[in-house]
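Here are the chains, one letter per residue:
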Amino acid sequence: MNKTITTLLATAALGFASLAHAIDFDLKDPKGVNNIVFLLDAPLESINGTATGITGNVSFDPAAPEKTAGKVVVAVDSLSVANPKMVEHMMGGKWLDAGNHPEIVFELSRLSDLSGDGKKVKGTAHGTMSIKGTSKEISVPVSISYLEGMLAKRQRTPGDILVIRSNFTISRSDFGVNAGESEDKVADEVELRLSIAGFAPQDS
Amino acid sequence: MKAIVIRTAATGALLLGFLLWMYGGARAGFYQTFYRVRHFDEILEIEHFEEVEALLPGIETLGAGVAAFFFLSLWGNLLERRSAA
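An unreviewed UniProt entry lists chain A under the name YceI family protein, with Pelagicoccus mobilis given as the organism.

Printed below as a string of structure tokens:
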């Protein structure tokens, strides 16, 4: 009995020890630098825009980057292109339906195929992308830079910064975004370029 | 006399449409209400964008200029034929 309890306690202690090293990074950037660029190249029209309403959090352990997990949330109404009519269409029910589905979410569950040291890591991020009520498992290339102690240099607050970059392509038809329609003007393939930083102040 | 004025207006409309389209960047797309200026955060090494408000005419402005040119030219020709007859 005592042996079992000791084993359980040891396992729990090991679990907590590994959790203790993971740093929680908040993706909300007070300076508004975080952005996702989206590009659609259809035969008749090329569309490019940005999304800046990025929130969420990522838990990163420099000693065990494969355990990186978190959630990236993008406010649909923060997607912007320079033509206001196009924005109106994009937010409408046929396309992203911002009224009923105000967020695009990527739930990061783990990293694999990692290379690099604890400061700069490249690999494949696995997780679930949810757009307009449709969720799909995806794996995308990612690079992560852990900038230890650099928050003081940027925001005069002691802490760390995590920079996440990823370029990948999704199909709007996979997520029921006006699937099969208007592909001559709005490409099915959407190229996404993520440049996101997370912040972990030491006092939090 | 009136026909000459209308034909001159036709050429003016074409020229105006063309110049406005050039001012908007001579793009194949429709009008835009802002343009983006790139910035670079040196600590994060992230490129980000500032949206600067500006009305930039698109291809529809050139199209309107061409349409106005044809309409006014046709009108000018009709007036000239009537006055000759």
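What follows picks up the thread again.
Chemist: Mind showing me how you'd approach the overall build of chain B here?
Modeler: Secondary structure summary: chain B contains 2 helices and 2 strands in total. Its helices and strands in sequence order give chain B the pattern α-β-β-α, from N to C terminus. Relative to the globule expectation of 12 Å for 85 residues, the C-alpha radius of gyration of chain B, 21 Å, shows a markedly less compact shape. Along the longest, intermediate and shortest principal axes, the C-alpha atoms of chain B span 80 × 15 × 15 Å. Long-range pairs, those at least 24 residues apart, make up 72% of the contacts in chain B with a sequence separation of at least 6.

Chemist: It is not clear to me how the pairing of strand S3 (residues 46-51) of chain A should be interpreted in this structure. Could you clarify?
Modeler: Regular strands show a simple pattern: their side chains alternate between the two faces of the sheet. Residues and elements named next belong to chain A. As defined by bridge partners, strand S2 (residues 35-41) adjoins S3 across 6 bridges and the pair is classed as antiparallel. Note that in S3 the partner of Leu-39 across the bridge is Asn-48. In the sheet, S3 pairs with strand S6 (residues 79-80) via 2 bridges, with the strands oriented antiparallel. Within the sheet, the bridge partner assigned to Ala-51 lies in S6 and is Leu-79.

Chemist: Teacher, can you tell me more about the interface of chain B and chain A here?
Modeler: It is common to give the size of an interface as the accessible area that goes away when the parts come together. The interface is formed by 16 residues belonging to chain B together with 16 residues belonging to chain A. Tallied by class, residues from the side of chain B that touches chain A come to 8 nonpolar, 4 polar and 4 charged.

Chemist: How should I be thinking about the nonpolar core in this particular structure?
Modeler: One broad rule of soluble globular proteins: the nonpolar side chains tend to lie buried together. Residue and element names in this part refer to chain A. Among the nonpolar cores identified, the biggest contains 42 residues, and Ile-161, Leu-162, Val-163, Ile-164 and Ala-197 are the most heavily contacted of them. Within the residue set of this core, elements represented by two or more residues are strand S4 (54-60), strand S5 (69-75), strand S7 (103-116), strand S8 (120-131), strand S9 (134-147), strand S10 (159-171) and strand S11 (189-201). If one sorts the elements of this core by residue count, S11 sits on top with 5 residues. With sequence-adjacent residues up to four places away left out, Ile-164 is seen in contact with Val-58, Val-142, Ile-144, Leu-194 and Ile-196.

Chemist: Which parts of the structure should I look at to understand the environment of Glu-66 of chain A?
Modeler: Structurally, Glu-66 of chain A is set in the loop between S4 and S5. For Glu-66 of chain A, a count of 12 C-beta atoms within 10 Å gives the class exposed.

Chemist: Would you mind going over helix H1 (residues 2-23) of chain B with me for this structure?
Modeler: One full turn of an α-helix is made of 3.6 residues, so residues set three or four places apart face in the same direction. All names here are of chain B. With 22 residues, H1 ought to run about 32 Å at 1.5 Å a step, and its terminal C-alpha atoms sit 31 Å apart, in line with that. If you check which residues of H1 are buried, you get Ala-10, Ala-13, Gly-17 and Trp-21. Across the axial projection of H1, the buried residues extend over an arc of 60°, all falling on one side. Exposed and facing more than 90 degrees away from the buried side of H1 are Ile-4, Val-5, Thr-8, Thr-11, Leu-15, Met-22 and Tyr-23. Structurally, H1 contributes buried residues whose contacts are with helix H2 (59-84). Positive backbone phi, approximately 100°, marks Gly-25, located one or two places after H1.

Chemist: Where do I start with the confidence of the model for chain A in this structure?
Modeler: Regions with low pLDDT should not have their predicted coordinates read in detail. The pLDDT averaged across chain A works out to 89; a share of 89% of its residues lies at or above 70. Every residue in residues 12-19 of chain A is under pLDDT 50, and counting partners more than four places away or in other chains gives 1 contact.

Chemist: It is not clear to me how the UniProt feature "domain: Lipid/polyisoprenoid-binding YceI-like" (unreviewed entry) in chain A should be interpreted in this structure. Could you clarify?
Modeler: Within this numbering scheme, the UniProt entry marks residues 26-199 of chain A as carrying the feature "domain: Lipid/polyisoprenoid-binding YceI-like" (unreviewed entry). Counting secondary structure, residues 26-199 of chain A comes out at 7% helix and 54% strand; the distance between its end C-alpha atoms is 5 Å.

Quick notes on the rules
Residues numbered from 1 in each chain as written. Chains lettered and ligands numbered in written order. Predicted model: local features only at pLDDT ≥ 70, side-chain atom pairs only at ≥ 80, totals over all residues. Helix = DSSP H or I, 4+ residues; strand = E, 2+ residues; numbered from the N terminus. Rg over C-alpha atoms; globule rule 2.2 N^0.38 Å. Contact = placed C-beta atoms within 7 Å. Pairing = 2+ DSSP bridges. Nonpolar A, V, L, I, M, F, W, Y, C, P; charged D, E, K, R; others polar. Core = buried A, V, L, I, M, F, W, Y, C linked by C-beta atoms within 7 Å. Buried ≥ 20, exposed ≤ 12 C-beta atoms within 10 Å, placed from the backbone. Expected span 1.5 Å × (residues − 1). Arc of directions from axis to C-beta. pLDDT = per-residue confidence, 0-100. UniProt positions renumbered as here; feature names shortened; annotations may be inferred.

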